[in-house]
Amino acid sequence: MTEDDLIPRAMALAEESFIAASGPGGQNVNKVATAVQLRVNVFALRLSPPVFHRLKELAGSRMNAKGEIVIAARNHRTQEMNRADARARLTQLLEEAQREPKKRAKSRLNRIGKEARLQSKKKRGSVKAGRGKVDW
């Protein structure tokens, strides 16, 4: 399985449940379950270990002990808009997990820079050493 078909696979595996939401909607919000709770089992996605670890870190508290990512969308007044919002957030999370972070390039320091740094450390150390208790 390639990483290209990850999002369609995730959408196919996603389970949606509609729950009562708070927020805008007046009396309608008490009668209609407009909030969407989207659940995807991460283990069923068969991710490579580096992508899995990045996803786990990005998901944070949205990932439960069973290995499910739970996304709750309740910002909109309709089920359709909340559903689209939850799916968009899942897509964004998966795309971000697939992106490999850039490796940090080591900073290069020349001999003069090293000597200047060590000199400043010595000077700072002597200042701190001079702060001790005065012995008369």
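Everything here concerns the structure above.
These lines cover the structure that appears in this document, whether it is placed above or below. Since this is a predicted model, take the numbers as computed values, not measurements.

Rules of the game
- Residues numbered from 1 in each chain as written.
- Predicted model: local features only at pLDDT ≥ 70, side-chain atom pairs only at ≥ 80, totals over all residues.
- Heavy atoms only, no water.
- Helix = DSSP H or I, 4+ residues; strand = E, 2+ residues; numbered from the N terminus.
- Rg over C-alpha atoms; globule rule 2.2 N^0.38 Å.
- Buried < 20%, exposed > 50% of the residue type's maximum accessible area, 1.4 Å probe, protein only.
- Contact = heavy atoms within 4.5 Å.
- Areas by Shrake-Rupley, 256 points an atom, 1.4 Å probe, with all protein chains shown as cover.
- Polar contact = N/O pair within 3.5 Å; in protein donor to acceptor, adjacent residues only side chain to side chain.
- Axes fitted to C-alpha atoms, helices over the stretch in contact; angles between N-to-C directions.
- Parallel < 35°, antiparallel > 145°, perpendicular 65-115°, else oblique.
- Left-handed = near helix turned anticlockwise from the far one by under 90°.
- Salt bridge = Lys/Arg side-chain N within 4 Å of Asp/Glu carboxyl O.

Structural notes on the overall build of the chain
Looking only at helices and strands, the chain features five helices and three strands. What you see in the chain, going N to C, is helices and strands ordered as α-β-α-β-α-β-α-α. For 136 residues, the compact-globule formula gives about 14 Å, and the C-alpha radius of gyration of the chain, at 26 Å, lies well above that figure. Across its three principal axes, the chain shows a C-alpha extent of roughly 80 × 45 × 25 Å. Relative to its 136 residues, the chain shows a buried fraction of 27%. The contacts of the chain with a sequence gap of at least 6 include a subset with a gap of at least 24, amounting to 63%. On the chain, roughly 10400 Å² of surface is accessible, and the fraction owed to carbon and sulfur atoms is 52%.

Quick look at the environment of Arg39
Structurally, the position occupied by Arg39 is in strand S2 (residues 35–41). Along the primary structure Arg39 and Glu15 are separated by 24 residues, whereas in three dimensions their C-alpha atoms are 5.2 Å apart. With near-sequence residues (within four places) excluded, Arg39 lies in contact with Leu13, Ala14, Glu15, Asn64, Glu68, Ile69 and Val70. At 2.9 Å, the side chain of Arg39 and the side chain of Glu68 are in polar contact.

A short note on the side chain of Glu68
Mapped onto the elements of the fold, Glu68 is located in strand S3 (residues 68–73). Using a relative accessible area of 17% as the deciding quantity, one classes Glu68 as buried. When sequence neighbours within four positions are dropped, the list of residues in contact with Glu68 reads Arg39, Val40, Asn41, Arg62 and Met63.

Describing the packing of helix H3 (residues 49–59) against helix H4 (residues 79–98)
Where H3 meets H4, the axes come as close as 8 Å, and the angle between the chain directions of the two elements is 130°. With respect to each other, H3 and H4 are oriented oblique. Both H3 and H4 take part in a crossing whose hand is right-handed. On H4, the residues touching Val51, Arg54, Leu55, Leu58 and Ala59 of H3 are Leu93, Leu94, Glu96, Ala97 and Gln98.

Examining the pattern of salt bridges
According to the stated counting rule, one finds six salt bridges in the structure shown. Its salt-bridge partner being Glu68, residue Arg39 comes within 2.9 Å of it at the nearest N-O pair. With a gap of 29 residues between them, Arg39 in strand S2 and Glu68 in strand S3 connect regions that are remote in the sequence. On the basis of relative accessibility, which here comes to 26%, the residue Arg39 falls in the partly exposed class. As a salt-bridge pair, Arg111 and Glu115 come within 3.2 Å of each other at their nearest N and O atoms. Here the residue Arg111 and the residue Glu115 both occupy positions in helix H5 (residues 111–129), the gap between them amounting to four residues, near one helical turn. On the basis of relative accessible area, Arg111 is assigned to the exposed category, the value being 57%.

Functional significance is not addressed by these values, which are geometric in nature.
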